[in-house]
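Next come the chains, spelled out residue by residue.
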Amino acid sequence: MPELSAMQIFLLLLGAVFVNNFILAKFIGICPFIGVSKKVGPAIGMSLAVIFVMALSSIATWLIDHYILIPRDLTYLRTLVFIIVIAGLVQFVEMVILKTSPSLYKALGIFLPLITTNCQVLAMTVMNVREMPEKYAAMGYSFGLVPSVAHAVGIACGFSVALLIMAAIRERLELAPVPESLKGWPLAFLLSGQLSLAFMGFVGMMK
């Protein structure tokens, strides 16, 4: 089967950012989205960490799946192996941030190691070896390593876009006369709903 063209890969990435946004369209990975969106600074750090982890996870898991698990008929171990790979990469990112920016490490707090259990990362790795290849095979195309990485980066960028928009709004609202009953989590969930409705405007632009 032919590989995806550069334009198809670009549209795949763009679709993952806006149309199939994991946070605002699929509601996957809400915990770090709500927890780290109080300030723009930590949101930027988390965004970069998630992009890095997702990109490397997509490469590592795709290679392991195609060159170790599938040839040895060990695909039933995918979830376990993928979690181990993701955990290792998150530990690496955590050590780098702790060494280079202790203040950012402190600001991210528990949400940085929680990338390990962020369902977005695991969902992306499983989609890249199961759902996406089946989807594109039905269209007559091969879903290889490059599309997998593009899809992962698109999902991570979609998370980053949603997180940064949310953080910018919540930071501004710190100065607004918000009713006491809406401060904190209630307002965060209301804003999430509004952003989700806004992103629904992209539905139908691409599959």
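Residues numbered from 1 in each chain as written. Predicted model: local features only at pLDDT ≥ 70, side-chain atom pairs only at ≥ 80, totals over all residues. Heavy atoms only, no water.

Remarks on the packing of aromatic side chains
Logical step 1: A complete count under the given rule lists six aromatic pairs for this structure.
Logical step 2: Look at F18 and F199: their rings are 6.3 Å apart centre to centre, the planes differ by 25 degrees, and that puts the pair in the stacked class. In this pair, F18 sits in helix α1 (residues 6–19) while F199 sits in helix α9 (residues 185–199), placing the two residues 181 residues apart along the sequence.
Logical step 3: Overall, the relative accessible area of 27% leaves F18 in the partly exposed class.
Logical step 4: For the ring pair Y136 and F143, a centre distance of 5.4 Å and an interplane angle of 25 degrees mean the geometry is stacked. For the pair Y136 and F143, a shared accessibility class is recorded, and that class is buried. (Phe/Tyr/Trp six-rings, centres within 6.5 Å; stacked < 30°, edge-to-face > 60°. Helix = DSSP H or I, 4+ residues; strand = E, 2+ residues; numbered from the N terminus. Buried < 20%, exposed > 50% of the residue type's maximum accessible area, 1.4 Å probe, protein only.)

Focus on the state of the cysteines
By definition, a disulfide links the sulfur atoms of two cysteine residues through a covalent bond.
Logical step 1: The final tally for this structure, using the stated rule, is zero disulfides.
Logical step 2: With no disulfide of its own, C31 has C119 as its nearest cysteine by sulfur position, at a separation of 8.9 Å.
Logical step 3: You can call C31 partly exposed: its relative accessible area is 48%.
Logical step 4: Free cysteine: C157, not disulfide-bonded; nearest cysteine sulfur from C119 at 18 Å. (Disulfide = S-S within 2.5 Å.)

Description of the nonpolar core
Logical step 1: F33 and I115 are the most contacted members of the largest nonpolar core, which has 44 residues in total.
Logical step 2: Taken together, the elements giving at least two residues each to this core come down to α1, α2 (30–35), α3 (40–69), α4 (78–100), α6 (119–129), α7 (131–138), α8 (145–173) and α9.
Logical step 3: Sorting elements by how many residues they give to this core places α8 first, with nine residues.
Logical step 4: Excluding anything up to four places from it in sequence, I115 contacts M46, A49, V50, V53, I86, V90 and V121.
Logical step 5: Ranked by size, the runner-up nonpolar core spans six residues in total, among them L69, F82, V85 and V129. (Core = buried A, V, L, I, M, F, W, Y, C linked by side-chain atoms within 4.5 Å. Contact = heavy atoms within 4.5 Å.)

With respect to a nonpolar patch on the surface
Logical step 1: On the surface, F52, L56, I59, L63, Y67, I68, F92, M95 and V96 cluster together into a nonpolar patch covering about 790 Å² of accessible area.
Logical step 2: Those elements that place two or more of their residues in the nonpolar patch are α3 and α4.
Logical step 3: Ranked by the residues each element gives to the nonpolar patch, the list is headed by α3, at six residues.
Logical step 4: With respect to the secondary-structure elements, F52 resides in helix α3. (Patch = residues over 30% accessible without salt bridge, like charges linked within 9 Å, V, L, I, M, F, W, Y side chains within 5 Å. Areas by Shrake-Rupley, 256 points an atom, 1.4 Å probe, with all protein chains shown as cover. Salt bridge = Lys/Arg side-chain N within 4 Å of Asp/Glu carboxyl O.)

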